[in-house]
Amino acid sequence: MNLLAVMGSPRKEKATDTLVDKAVEGAVSANPGLEVRKIVLADHDIRYCRNCLACRDRRTDGPYSPCSIRDDMDRLHEDVLASDLLIFGTPLHMGQVTSLLMTFLERICLTFAKPVGKVLTISACPVPRSKKDRKSVTILTNGVVPPLYRRFCDDASPLIRQTVKDSLNGRTVGDLYAGNIEGRGVERYFDRAFNLGRKLARA
Ligand SMILES: Cc1cc2nc3c(=O)[nH]c(=O)nc-3n(C[C@H](O)[C@H](O)[C@H](O)COP(=O)(O)O)c2cc1C
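This one's a predicted model, so the numbers in the text were calculated from it and none came from an experiment.

Quick notes on the rules
Throughout this description, residue numbers start from 1 for each chain and increase along the sequence as written. Local features are withheld for residues below a pLDDT of 70 in this predicted model, meaning they are given only at 70 or higher, and side-chain atom pairs are given and counted only at 80 or more; totals for whole chains, interfaces and linings count all residues. By convention in this description, side-chain values take in all heavy atoms of the structure and omit both hydrogens and water. Whether a set of points on the 1 Å grid over the protein atoms alone is a cavity depends on a 1.4 Å probe fitting there but being unable to get out, while an open set qualifies as a pocket with protein on both sides within 12 Å along at least five of seven lines; lining residues are those with an atom within 4 Å of a point. Grid points are joined across faces, edges and corners, and a volume is the space filled by probe spheres set on the points. Note on conventions: DSSP H or I runs of at least 4 residues are helices, E runs of at least 2 residues are strands, and numbering of each starts at the N terminus. Any residue that is not Ala, Val, Leu, Ile, Met, Phe, Trp, Tyr, Cys, Pro, Asp, Glu, Lys or Arg is counted as polar, Gly included; the first ten are nonpolar and the last four charged. In this analysis, axes come from line fits to C-alpha atoms, helices being fitted only over the stretch in contact, and the angle between any two N-to-C directions falls in the range 0 to 180 degrees. The labels follow the angle: roughly parallel below 35 degrees, roughly antiparallel above 145, roughly perpendicular from 65 to 115, and oblique for the rest. Crossing chirality is assigned from the near helix's rotation relative to the far helix, an anticlockwise turn below a right angle marking it left-handed and a clockwise turn marking it right-handed. Residue contacts are defined here by distance: any two heavy atoms, one from each residue, within 4.5 Å place the two residues in contact. Here, nonpolar core refers to any group of buried Ala, Val, Leu, Ile, Met, Phe, Trp, Tyr and Cys residues whose side-chain atoms link them within 4.5 Å. Only protein chains enter the area calculation, which uses a 1.4 Å probe; residues under 20% of their type maximum are buried, those over 50% are exposed, and those in between are partly exposed. Each pair of aromatic rings taken from Phe, Tyr and Trp, with Trp reduced to its six-membered ring, is defined by centres within 6.5 Å and is described as stacked if the planes are under 30 degrees apart, edge-to-face if over 60, and tilted in the remaining cases. Placement of a positive charge over a ring is assigned whenever Lys NZ or Arg CZ falls within 6 Å of the ring centre and within 35 degrees of the normal to the ring plane.

A. Structural detail: the layout of surface pockets. Of the pockets and cavities examined, the largest pocket occupies roughly 300 Å³. Lining the largest pocket are 15 residues, with Arg11, Pro91, Thr141, Asn142 and Gly143 sitting closest to its centre. Those elements that provide at least two residues to the lining of the largest pocket are helix H1 (15–30) and helix H6 (181–184). Across the lining of the largest pocket, the residue classes tally to six nonpolar, six polar and three charged. If you add up the space inside the second largest pocket, you get close to 180 Å³. The wall of the second largest pocket is formed by 14 residues, among which Cys49, Asn51, Leu53, Cys55 and Glu106 lie closest to the centre. Examining the composition of the lining of the second largest pocket, we find that three residues originate from one element, helix H4 (residues 99–109), more than from any other. Classifying every residue of the lining of the second largest pocket by side-chain character gives eight nonpolar, three polar and three charged.

B. How the structure looks around the packing of H4 against helix H5 (residues 156–168). Interhelical geometry of H4 versus H5 gives an angle of 25° and a closest axis separation of 10 Å. With respect to each other, H4 and H5 are oriented roughly parallel. Considering only the axes of H4 and H5, their crossing is left-handed. Between H4 and H5, the contacting residues are Leu101, Met102, Leu105, Ile108 and Cys109 on the first element and Leu159, Ile160, Thr163, Ser167 and Leu168 on the second.

C. Looking closely at the nonpolar core. Phe88, Leu101 and Phe104 are the most contacted members of the largest nonpolar core, which has 28 residues in total. At the level of elements, strand E1 (2–7), helix H3 (73–82), strand E3 (85–91), H4 and H5 are the ones that each hand at least two residues to this core. Those residues in contact with phenylalanine 88 that lie beyond four places of it in its chain are Val6, Leu101, Phe104, Leu105, Ser136, Val137, Thr138, Ile139, Ile160, Val164 and Leu168. In terms of nonpolar packing, the next biggest core, distinct from the first, is built from 25 residues, Ala15, Val24, Val137 and Ile181 among them.

D. Region of the structure containing the side chain of threonine 98. Within the secondary structure layout, threonine 98 lies in the loop between E3 and H4. If we skip the residues at most four places from it in the chain, threonine 98 touches Gly8, Pro10, Thr90, Pro91 and His93.

E. Looking closely at the packing of aromatic side chains. Here the structure, examined in full by the defined rule, presents two aromatic pairs. Where tyrosine 149 meets phenylalanine 152, the ring centres are 6.3 Å apart and the plane angle is 35°; that geometry is what we call tilted. The ring of phenylalanine 190 is capped by lysine 22, whose NZ or CZ atom sits 4.7 Å from the centre of that ring.

F. Seen up close, unusual backbone geometry. You will see that glutamate 13, though not glycine, has its phi angle at about 60°, which is positive. Mapped onto the elements of the fold, glutamate 13 is located in the loop between E1 and H1. Residue glutamate 13 is classed as exposed on the basis of its relative accessible area, which comes to 70%.

Everything listed here is a matter of coordinates, which is why it stays silent on function.
Printed below as a string of structure tokens:
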């Protein structure tokens with residue numbers, strides 16, 4: 001069973017990275033046999049999707065439709081394909097995922113899913129190319145907004161949840177909103193991140 005952690009903060013060893021590592025620890029404690037891979041997005045050359053639509057229009061029945069861009073996604077998509085369990089971690093930047101994670105998700109969007117049906121109907125939503133069942137959790141951090149006000153400042157979790165479902169055939173089984181890190185400190189969320197990882201491994 002493969003666990004893939006995707007770390008979307010531009011900063012290593014800060015709040016998001018630390019909580020992602022805690023969640024990985026938790027997952028491994030629940031299932032020591034897990035094969036773990038971690039992608040620190042900031043370490044990679046991942047270019048913007050150019051909307052060439054080559055992936056969408058390619059006639060392929062495989063789980064992945066190749067992208068026309070040559071960069072680190074050539075290799076990283078293999079890790080996504082191999083994953084059974086996923087952890088997505090991102091700080092909230094203006095209430096959304098970071099541009100690093102957004103770029104990664106855009107590159108996954110139509111390479112891992114294909115649109116079906118007519119445009120402007122509900123059936124035009126993409127469906128995953130891969131039928132492998134995946135499970136996922138999300139870790140969100142922010143500087144000042146406490147969990148009580150999450151609903152006003154979290155457009156990231158619905159985006160990640162939907163992409164996991166539509167492109168990766170995955171189900172989000174839990175999330176951690178680590179709010180007001182500046183006021184509360186990241187340590188406060190260690191146990192919850194660890195337990196989230198355990199929950200993922202047992203899902
Ligand atoms: C461009 C930018 C936008 C941000 N927007 C918000 C925000 O809307 N609300 C908030 O509470 N914190 C915001 N922050 C703060 C980060 O969410 C916070 O520092 C987070 O914990 C950083 O995670 P990291 O330590 O893993 O990098 C923003 C930070 C940046 C750089």
